[in-house]
2 protein chains.
Amino acid sequence: MRYIPAISRLIDEFSKLPGIGRKTAQRLAFYVVDASPDDAVGFAEAILDAKRKVHYCERCFNLTEETLCDICNDVKRDPRVMCVVESPRDLLAIENTKEFNGTYHVLHGAISPMEGIGPNEIKIRELILRLQNDQTSELIIATNPSIEGEATAMYISKLLKGTDIKVSRLAHGIPVGGDLEYADEVTLARALEGRRIL
Amino acid sequence: MRYIPAISRLIDEFSKLPGIGRKTAQRLAFYVVDASPDDAVGFAEAILDAKRKVHYCERCFNLTEETLCDICNDVKRDPRVMCVVESPRDLLAIENTKEFNGTYHVLHGAISPMEGIGPNEIKIRELILRLQNDQTSELIIATNPSIEGEATAMYISKLLKGTDIKVSRLAHGIPVGGDLEYADEVTLARALEGRRIL
């Protein structure tokens, strides 16, 4: 059974989204076809709008509709501590902890020789330039605990060796509420290594 | 942490889709923001296009971009057997078996007093009118094996009592490849009831 062209195309579009398989894409496409015309137009416009209005903050490369993002515009944030993340979603995850009141720098990726992503493909140069001109005294590197994230953290910390900026890395260990039994060996080894005296 | 308005709106739109929770909606919204402008426009246009071009077949209420759907236009389909389904997706599921060569009638729902959906809210009147004027001799009611689907099947079969049209219902039983142990009681009871002599 072939789909009619307009539905087939919509299924293809939904299938491109991350984590959306063919079956789910079909379900979503049929939902859109069944939705009211206003809802469909609202959905399409939200997509175009997000693409049109949202761009990078000139200072930290977080997403924003303005020149600077909400955080860079916020005078109550501590300019002495800066947290480096791979993506705006990682930034949001940290914001959601409500434990961090410094500024951010979004790299938009991590160094990955396998995928041909070198230091120049992500916002590292911009980070270094920024650090030369602002009051940051501590840099928390919160890249992912993956090979790429670790390589990026190493690269940045090497670049900053010899400067006055203290470089730190998020702690690794057992997730809160997690079960020792189910932790993988690497995580467990890191948890041991990073043990704290009570 | 509040999202910036354009992203927040896109997350809301994605959240309206069936089976898409808040977390997934966030992931999809950020994907769209990161996509190329062309991809975003292509996606938005596919939505508008599907909504604009796709409508119901005048005869069977399947989805189509023409006046009649592919199946109603196909002279090789047997007009003597008609299959009644709740939705275009159910029709596709039956087409995919490649075992049915008759025509269809899509009800676009099932009778559900709980949700205020009576016989007039779905395409039952259109079905009866159609049966008076065509050559259908067997009607296979393939509504879902839910309370609503069963009620709809009962309602239609009562309406056709006394006519020459043979009314049948899809068989219930253990799914092929399924495990007796894990079948629910109702399915198992139906499988027993519908047992076939070998």
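Residues numbered from 1 in each chain as written. Chains lettered and ligands numbered in written order. Predicted model: local features only at pLDDT ≥ 70, side-chain atom pairs only at ≥ 80, totals over all residues. Heavy atoms only, no water.

## Comments concerning the relation of the copies chain A and chain B
Step number 1: When chain A is fitted onto chain B, the two copies agree to an RMSD of 0.1 Å after a turn of 179 degrees and an axial shift of 0.0 Å. What we have between these two chains is a two-fold relation. Closest to the rotation axis within chain A is the C-alpha of A:Ala44, separated from it by 2.2 Å.
Step number 2: Comparing contact sets, 100% of the residues at the interface of chain A also lie at the interface in chain B, consistent with an isologous, same-surface contact. (Least-squares fit on C-alpha atoms with pLDDT ≥ 70 in both. Contact = heavy atoms within 4.5 Å.)

## Focus on the nonpolar core
Step number 1: Residues A:Phe14, A:Phe43, A:Ile47, B:Phe14, B:Phe43 and B:Ile47 are the most contacted members of the largest nonpolar core, which totals 46 residues.
Step number 2: The set of elements that each furnish at least two residues to this core consists of α1 (5-15), α2 (22-34) and α3 (37-53) of chain A together with α1 (5-15), α2 (22-34) and α3 (37-53) of chain B.
Step number 3: Those residues in contact with A:Ile47 that sit more than four places away from it in its chain are B:Leu10, B:Val32, B:Ala40, B:Phe43, B:Ala44 and B:Ile47. (Core = buried A, V, L, I, M, F, W, Y, C linked by side-chain atoms within 4.5 Å. Buried < 20%, exposed > 50% of the residue type's maximum accessible area, 1.4 Å probe, protein only. Helix = DSSP H or I, 4+ residues; strand = E, 2+ residues; numbered from the N terminus.)

## A closer look at a nonpolar patch on the surface
Step number 1: Residues A:Ile174, A:Leu180 and A:Leu188 make up a contiguous nonpolar surface patch of about 230 Å² in total accessible area.
Step number 2: As for its placement among the helices and strands, A:Leu188 is situated in helix α8 (residues 185-193). (Patch = residues over 30% accessible without salt bridge, like charges linked within 9 Å, V, L, I, M, F, W, Y side chains within 5 Å. Areas by Shrake-Rupley, 256 points an atom, 1.4 Å probe, with all protein chains shown as cover. Salt bridge = Lys/Arg side-chain N within 4 Å of Asp/Glu carboxyl O.)

## Description of the UniProt feature "zinc finger region: C4-type" (unreviewed entry) in chain A
Step number 1: Those residues carrying the UniProt feature "zinc finger region: C4-type" (unreviewed entry) are residues 57-72 of chain A in this numbering.
Step number 2: For residues 57-72 of chain A, the helix share is 19%, the strand share is 12%, and the end-to-end C-alpha distance is 8 Å. (UniProt positions renumbered as here; feature names shortened; annotations may be inferred.)

## Observations regarding the environment of A:Ser146
Step number 1: In this structure, A:Ser146 sits in the loop between β5 (138-141) and α7 (147-159).
Step number 2: Assessed through its relative accessible area of 27%, A:Ser146 is described here as partly exposed.

## Structural notes on the layout of surface pockets
Residue and element names in this part refer to chain B.
Step number 1: By volume, the largest pocket is sized at about 540 Å³.
Step number 2: Counting only elements with at least two residues in the lining of the largest pocket, the list comes to α5 (88-97) and α8 (185-193).
Step number 3: Class assignment for the residues of the lining of the largest pocket results in eleven nonpolar, five polar and five charged. (1 Å grid on protein atoms, 1.4 Å probe; cavity = no way out; pocket = protein on both sides within 12 Å on 5 of 7 lines; lining within 4 Å. Points joined across faces, edges and corners; volume = space filled by probe spheres on them. Nonpolar A, V, L, I, M, F, W, Y, C, P; charged D, E, K, R; others polar.)

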